[in-house]
Amino acid sequence: MSTKDIGQAPGAGNKPLSKPAHALSAPAVIEELQANKDDGLTVAQAKELLTTYGTNELGDGAGVQPAKILLRQIANAMTLVLVMAMAVSFGIGSYIEGGVITAVIVLNIVVGFWQEFNAAKTMDSLKSLSSPTASALRGSENVTVPTIEVVPGDIIELTTGDTVPADLRLFECVNFETDEALLTGESLPVHKEPLLELDEDTGPGDRLNVAYSSSTVTKGRARGVVFATGLSTEIGSIAAALRATGSKVRTVKRNDDGKAGPHRYAQAWSLTATDAVGRFLGVNVGTPLQKKLSRLAILLFWIAVVCAIIVLAANSFSNEREVIIYAVATGLSMIPASLIVVLTITMAAGTKRMVERHVIVRNLKSLEALGAVTDICSDKTGTLTQGKMIAKRAYVPACGVFSVEDAENPSDPTEGRVTLKDSAGQDASKARAFDVSTVQDNTHLKSFLDVAALANLSTVWQSKDDSTWHARGDPTEIAINIFGCRFGWQRSGMTESQGGPWKTLVEYPFDSDVKRMSVVMSSSQTEEVQVFTKGAVERVLESCASFYPSADAEESTPMTEQQRLKILDTVDEFASQGLRVLALASRAAPAELDFQTDIKRDLVECDLTLRGLIGLYDPPRAESAASVAGCRNAGIEVHMLTGDHPGTARAIAIEVGILPSRTELQKLPKDVSDSLVMTASSFDKLSDDEVDRLPQLPLVVARCAPHTKVRMIEALHRRRKFAAMTGDGVNDSPSLKMADVGIAMGMAGSDVAKDASDIVLTDDNFASILNAIEEGRRMFDNIQKFILHLLAENIAQACTLLVGLAFKDARRLSVFPLAPVEIIWVIMITSGMPDMGLGFERATPGIMDRAPQSLKRGVFTTEVLVDMLVYGLWIAALCLGAFSLVLFGFGDGQIGIGCNETYSAECDTVFRARATCFACLTWFALFLAWELVDMRRSFFRMQPDSKKYFTQWFYDVRRNKFLFWAILFGFVTIFPTLYIPVLNRVVFKHEAITWEWAIVIIATLLFFLGVECWKFMKRAFFRRQIAKHGDSKSVEMGSTTSEGSDAEKGTARSQGRVNSRE
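Quick caveat, the model's predicted, so the values are computed rather than measured. (Residues numbered from 1 in each chain as written. Predicted model: local features only at pLDDT ≥ 70, side-chain atom pairs only at ≥ 80, totals over all residues. Heavy atoms only, no water.)

### Some points on the overall build of the chain
Note the following rule: Only DSSP runs of H or I with at least four residues qualify as helices, and only runs of E with at least two residues qualify as strands; both kinds are numbered from the N terminus onward. Here the term buried applies to any residue with accessible area under 20% of the maximum for its type, exposed to any over 50%, and partly exposed to those in between, with areas from a 1.4 Å probe on protein chains only. We call two residues in contact whenever any of their non-hydrogen atoms come within 4.5 Å of each other. Computed by Shrake-Rupley with a 1.4 Å probe, the accessible areas treat only the displayed protein chains as cover when residues are assessed.
Helix and strand counts for the chain come out as 34 helices and 28 strands. The buried share of the chain, reckoned over its 1062 residues, is 55%. Long-range contacts, defined as pairs at least 24 residues apart, comprise 70% of the intrachain contacts of the chain with a sequence gap of at least 6. Taken as a whole, the chain presents about 44100 Å² of accessible surface, with 57% of it coming from carbon and sulfur.

Listed below in structure tokens is the structure:
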């Protein structure tokens, strides 16, 4: 039973409540929904409620629509051409050819419908993976669930940038505001008050204790209980309006008085008609590659018309039925009927493969773009590193340096031990064990721990069942919270909501520009109001006015420049060990400020007292170093843009291979080494011209702000690079949109960042970016392969048919080397399925050892165009040679009369020659697909590292099952067409062959020999180019980046090498 079956009014909630949710207190709503704000729903409860109330969606997704797919298969330009050919055939009385074309049309529609239907189902299933997610409390664990699986009674946590997944009755808010313009039209964010109980007739815009589905969190954080999902939400009441699709009719331009002349109406309707034709032809819908191939299909149509005219002209525009139908068949041979369908299937299959490799494609354009990426701008925390932080060091000026030893579990404060040494520079051997039970005697340590516990939004708790420790929240805050727990300082026992003395008055969330977060809290025990702040060391230090220099200091000492430098030395020491360093500070809140009003954070985050530093270790992912090395080998430069201290960023960058080792750095020219690591402030101070004059764009940008990411993308574009950018926060949206490929984090990313991205990483892992690029290259290669196969086949058919016009009978009419039905058969059997098999091919060996491809050239590189001509002409020459050999070499050379129409004794040789040519063309077109599995390597040696020197090809042809059976099917089906009586002579206009098979087999051997010789010459050419240029990446004729780009000049050096890209 779904929500629409329950009969509730929109916005009233799925389950009947005693009053509307906004008119009840939050505890009352929770009680009536039988929810639990501390533990949330169990998995079983959530499943049962999902069955009861249905999915949380508005029903605006049309899903897979078979009728529309069928209509697209019938009403498209390719089918229209076939229908025209069918009409001509029936019109001139060629009923056999017309019947065959009709069968082809039906088969194309059925197969195309089935393939596109399956592709549509695949894409529809993947849409749910890229849909918004919600942070829900399930079974005491904070889990991420798809928004459509949110149910009434779920406890939802919201932070800045989130999209509210359902209508919530809020019960906990800190500076929480939402943008409700979609629902109420109110342009300003709405501040929420969870403690309010409103009148039942309060309008939606005034329900300040409710967060509405589809609104966006603009500020703060909150928790609430779901009381309405799907069509029962407020937004559900206007779902019909939201479903309205944009009109495809162009609007009429009017003057200031609202009037429009007749020419404006004519203009609007002509543009509307042009748009409709463009959609029908496919030139203004789909991805750039789909549009380009649609334009190619139109070009080939006009070439087909020219070919048909040539056929008619060669026969003096005879009105003979067979001449006309041959002209039609010649034109059809140039039409790539399966081109767009195969492309659609290939892209759908590619997106499905990417999901298996932890990448969700939100924008199909990115599939084409991924293979061209030359630079990746990546975050550090959670992407290159594990995102599982442990506080390893803490510096309290009045106490010394605390170290946590032998701790591996980031959420267990009982694991490991704490040691203390008197100063940061002291030898580690001087460290002594610290008794955490003595913390109550240490005022300064207690002040430090107060900040660690209270300027913190994470939650740490111990399970009552098995005594295991759990944590939820940001990894950085969890690590700091766990550090406090080691000393018995646990936030959950200190705040008012958990029975503690501290109550939050104001919270200033972390801001990527100021790089600090603060809370203002009051104590019910002492009635004091305190400000607790943590953040980047430089930003906190600039707000600090004092510190406590020693354990016996009762009064704070003014913060001098000398002391700041000393603290920064400690920061550098921590950072050199790969630790992320934060500063903790506090102060008594200014008494003159009224915290019930909106107060600027500058008035609060000033005159602070430094309490200490904390160093967090976030170990690099095991696969990060290999992935970075893989990027360099693929001609891709990796830039790390992080908010961390420069020393921390440098240490991690060296560890994962983004930067050379310190020894190798010293060997580089000073201007190069200086530009490799920069702070955001240094980079932002440079003008665009100064950035462009840098010998190398920085590989590491520390203390990075959102606008710095935008400037980095702009700098890369000015250097003609193709950049991918990762991001997770709201402020990352501009850089994600500006990047050629925007990459959002699926686990830690905000909904706003995901909406701005092209792809989403489900595991937030840098290695998945490399997987996505490999898949992008594989797909690009496969598209090249099936386009090359299709067009080489078209050239072969066109040349065979047009040159074959030279064979004339006594009436001076051409005797055709291929009959019209043979032509249609070859198109049907050798194109669609084998091309689709090529689209499913796996990545060729060494695909990540070459430069990124050029989107400027696209799939039609010089290599592809030359291959197309060579293979097409070679196949045509062999087919015409086989035809001529049977007719003139071993036959009597007599071309009978009427051999295009019916079989006779004098046409026997022509019919045999035609059958031989038909067999050759069919086999060559099928075997060419196998040859194109690798465009350069020998068909007999596609796996260069294999020890099966003579039999490897036997395993290769069976590896791609779809391609293998498609070719085998085409190979076998030629025999019935040759040997079934009536079918051979009457329909296909050829005769069963015997000894002619020797010619077919020899021609097939020559086909393989010719293709292999051409590939050998290509390999020799590229080897000479490599020897000449000294870098394989500079001579990738088939897949280079744009002229002058780094990838063409060779980006890969040994690990830690830096490109001198000049």
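Alright, that's what it looks like, and here's the rest.
### A word on the pairing of strand β2 (residues 141-146)
Quick note on the threshold: A pair of strands is treated as paired once DSSP finds two or more bridges between them.
As judged from the six bridges shared by strand β1 (residues 133-138) and β2, these two strands associate in the antiparallel manner. By the bridge assignment for β2, Ala-134 is matched with Val-145.

### Details of the side chain of Lys-1015
The condition that has to hold: By the criterion applied in these results, polar contacts are pairs of N or O atoms within 3.5 Å in which, for protein atoms, one can donate a hydrogen and the other can accept it, and in which residues neighboring in sequence qualify only through two side-chain atoms.
With respect to the helices and strands, Lys-1015 occurs in helix α34 (residues 996-1029). A polar contact of 2.9 Å, which involves the side chain of Lys-1015, links it to the backbone oxygen of Arg-937.

### As for the pattern of salt bridges
The line we're drawing: The rule for a salt bridge is simple: a side-chain nitrogen of Lys or Arg has to be within 4 Å of a carboxyl oxygen of Asp or Glu.
With the rule as written, the count across this model stands at 34 salt bridges. Residue Arg-207 is joined to Glu-234 by a salt bridge in which the shortest nitrogen-to-oxygen separation is 3.0 Å. With a gap of 27 residues between them, Arg-207 in the loop between β5 (190-191) and β6 (210-211) and Glu-234 in the loop between β7 (216-228) and α7 (239-243) connect regions that are remote in the sequence. On the basis of relative accessibility, which here comes to 13%, the residue Arg-207 falls in the buried class. Across the pair Arg-357 and Glu-774 runs a salt bridge whose closest N-O atoms are separated by 3.4 Å.

### Here's the deal with the packing of helix α26 (residues 766-803) against helix α30 (residues 908-931)
The line we're drawing: Orientation is described by axes fitted as lines to C-alpha atoms, over the contacting stretch for helices, and by angles from 0 to 180 degrees between their N-to-C directions. Every angle not falling under 35 degrees, over 145, or within 65 to 115 is termed oblique; those three ranges are roughly parallel, roughly antiparallel and roughly perpendicular. Crossing chirality is assigned from the near helix's rotation relative to the far helix, an anticlockwise turn below a right angle marking it left-handed and a clockwise turn marking it right-handed. Residues are sorted three ways: Asp, Glu, Lys and Arg are charged, Ala, Val, Leu, Ile, Met, Phe, Trp, Tyr, Cys and Pro are nonpolar, and all the rest, Gly among them, are polar.
Relative to each other, α26 and α30 sit at 160°, their axes nearing to 10 Å. Taken together, the axis directions place α26 and α30 in an arrangement best described as roughly antiparallel. In terms of crossing hand, the pair formed by α26 and α30 is right-handed. Counting all contacts with α26, which are made through His-789, Ala-792, Glu-793, Ala-796, Gln-797 and Thr-800, the residues of α30 involved are Cys-917, Leu-921, Ala-925, Leu-928 and Ala-929. Tallied by class, the residues present in the contact of α26 with α30 amount to seven nonpolar, three polar and one charged.

### Considering unusual backbone geometry
One non-glycine residue, Gln-34, lies in positive phi territory at about 55°. Along the chain, Gln-34 turns up in the loop between α1 (26-32) and α2 (43-53). In this structure Gln-34 comes out as exposed when scored by relative accessible area, which is 63%. In this structure, Glu-527 is a non-glycine residue whose phi angle is positive, near 60°. As for its placement among the helices and strands, Glu-527 is situated in the loop between β17 (516-523) and β18 (529-536).

### Some details on the state of the cysteines
Using the following cut-off: In plain terms, two cysteine sulfur atoms within 2.5 Å form what is called a disulfide here.
Using the criterion set out here, one finds one disulfide in the structure. Between the sulfur of Cys-899 and that of Cys-907 lies a disulfide, 2.0 Å long from S to S. Taking the sign of the S-S torsion, about -85° here, the bridge from Cys-899 to Cys-907 comes out left-handed. The thiol sulfur of Cys-377 is not disulfide-bonded, and the nearest other cysteine sulfur, from Cys-704, lies at 8.9 Å.

### Focus on the sheet that holds strand β23 (residues 637-641)
Judged by pairing direction, the sheet is mixed, and its eight strands sit side by side in the order β8-β28-β27-β26-β9-β23-β25-β24 without closing on themselves. The strands lining the two open edges of the sheet, one partner per strand, are β8 (359-361) and β24 (677-679). Strand-to-strand, the axes of this sheet are offset by a mean angle of 20°, without reference to chain direction. Where strand β27 (residues 741-745) and strand β28 (residues 759-761) come together, three bridges link them in parallel fashion. Within the sheet, the bridge partner assigned to Ala-744 lies in β28 and is Val-760. Against the sheet, α26 makes contact with β8, β9 (375-378), β23, β26 (723-727), β27 and β28, and its axis sits at roughly 155° relative to β9, the strand it touches most.

### Some words on the side chain of Thr-147
Secondary-structure assignment places Thr-147 in the loop between β2 and β3 (155-159). With a relative accessible area of 14%, Thr-147 lands in the buried category. For Thr-147, the residues in contact, after removing those within four places along its chain, are Asn-56, Pro-132, Thr-133, Ala-134 and Pro-165.

### Examining the pairing of β23
Burial runs high along β23: five of the five residues are buried. Taking every second residue as pointing to the same face, both faces of β23 are buried, with Glu-637, His-639 and Leu-641 on one and Val-638 and Met-640 on the other. With four bridges joining them, β9 and β23 adopt parallel strand pairing. Within β23, the position partnered with Ser-378 by the bridge is Met-640. Sheet analysis places β23 next to strand β25 (residues 700-702), joined by two bridges and oriented parallel. Bridging across to β25, Met-640 finds its partner in Val-700.

### Some thoughts on the packing of aromatic side chains
Short version of the rule: Stacked, edge-to-face and tilted labels apply to pairs of Phe, Tyr and Trp rings (six-membered ring for Trp) whose centres lie within 6.5 Å, assigned for plane angles under 30 degrees, over 60, and everything in between, in that order.
Taken as a whole and judged by the stated rule, the model has 34 aromatic pairs. With centroids separated by 5.0 Å and ring planes inclined at 50°, the aromatic side chains of Phe-807 and Phe-883 adopt a geometry described as tilted. One end of the pair, Phe-807, is in the loop between α26 and α27 (820-830); the other, Phe-883, is in helix α29 (residues 862-889), with 76 residues separating them in the sequence. For the pair Phe-807 and Phe-883, one class covers both residues: buried. Considering the side-chain rings of Phe-975 and Trp-997, the 5.5 Å spacing of their centres and the 35° angle between planes classify their relative orientation as tilted.

### What to know about the confidence of the model for the chain
Inclusion rule: As a per-residue measure, pLDDT tells how confident the predictor is, with possible values from 0 to 100.
Scored by pLDDT, the chain has a mean of 82; 89% of the residues are at 70 or more. In the predicted structure, residues 1-11 sits below a pLDDT of 50 and forms 28 contacts with residues beyond four places in sequence or in another chain. For the stretch residues 1036-1062, pLDDT sits under 50, and the model shows 86 contacts to residues farther than four places along the chain or on other chains.

### Concerning the environment of Met-334
Within the secondary structure, Met-334 is located in the loop between α10 (321-332) and α11 (339-356). Accessibility expressed as a relative area gives 7% for Met-334, which makes it buried. For Met-334 and Asn-794, which are 460 residues apart along the polypeptide, the C-alpha to C-alpha distance reads 5.3 Å. Excluding residues within four positions of it along the chain, Met-334 makes contact with Leu-300, Ile-303, Ala-304, Cys-307, Asn-794 and Ala-798.

### A few points about a nonpolar patch on the surface
To be explicit about the condition: Candidates for patches are residues over 30% relative accessible area with no salt bridge; among them, like charges are joined within 9 Å and nonpolar side chains (Val, Leu, Ile, Met, Phe, Trp, Tyr) within 5 Å.
Among the surface-exposed residues, Trp-874, Ile-1002, Leu-1006 and Leu-1009 lie close enough to one another that they form a single nonpolar patch of about 360 Å² accessible area. Looking at which element gives the most residues to the nonpolar patch, the answer is α34, with three residues. Mapped onto the secondary structure, Trp-874 falls in helix α29.

### Some details on the environment of Gly-488
If you trace the backbone, Gly-488 turns up in the loop between α14 (475-486) and β16 (502-508). Exposure remark for Gly-488: the relative accessible area of 59% places this residue in the exposed category. In the structure, Gly-488 is positioned 48 residues away from Gln-440 in sequence and 9.9 Å away in space, judged by C-alpha atoms.

### Here's the deal with the nonpolar core
Quick note on the threshold: What is meant by a nonpolar core is a set of buried Ala, Val, Leu, Ile, Met, Phe, Trp, Tyr and Cys residues, joined one to another through side-chain atoms within 4.5 Å.
Residues Leu-332, Ile-376, Ile-658, Val-741 and Phe-1007 are the most contacted members of the largest nonpolar core, which totals 154 residues. Of the residues forming this core, the biggest block, 18 residues, is contributed by α26. Filtering out sequence-adjacent residues up to four positions away, Phe-1007 remains in contact with Trp-874, Ile-875, Leu-878, Phe-924, Phe-927 and Leu-928. Within the second largest apolar cluster, 35 residues are counted, among which are Ala-407, Ala-453, Phe-487 and Val-519.

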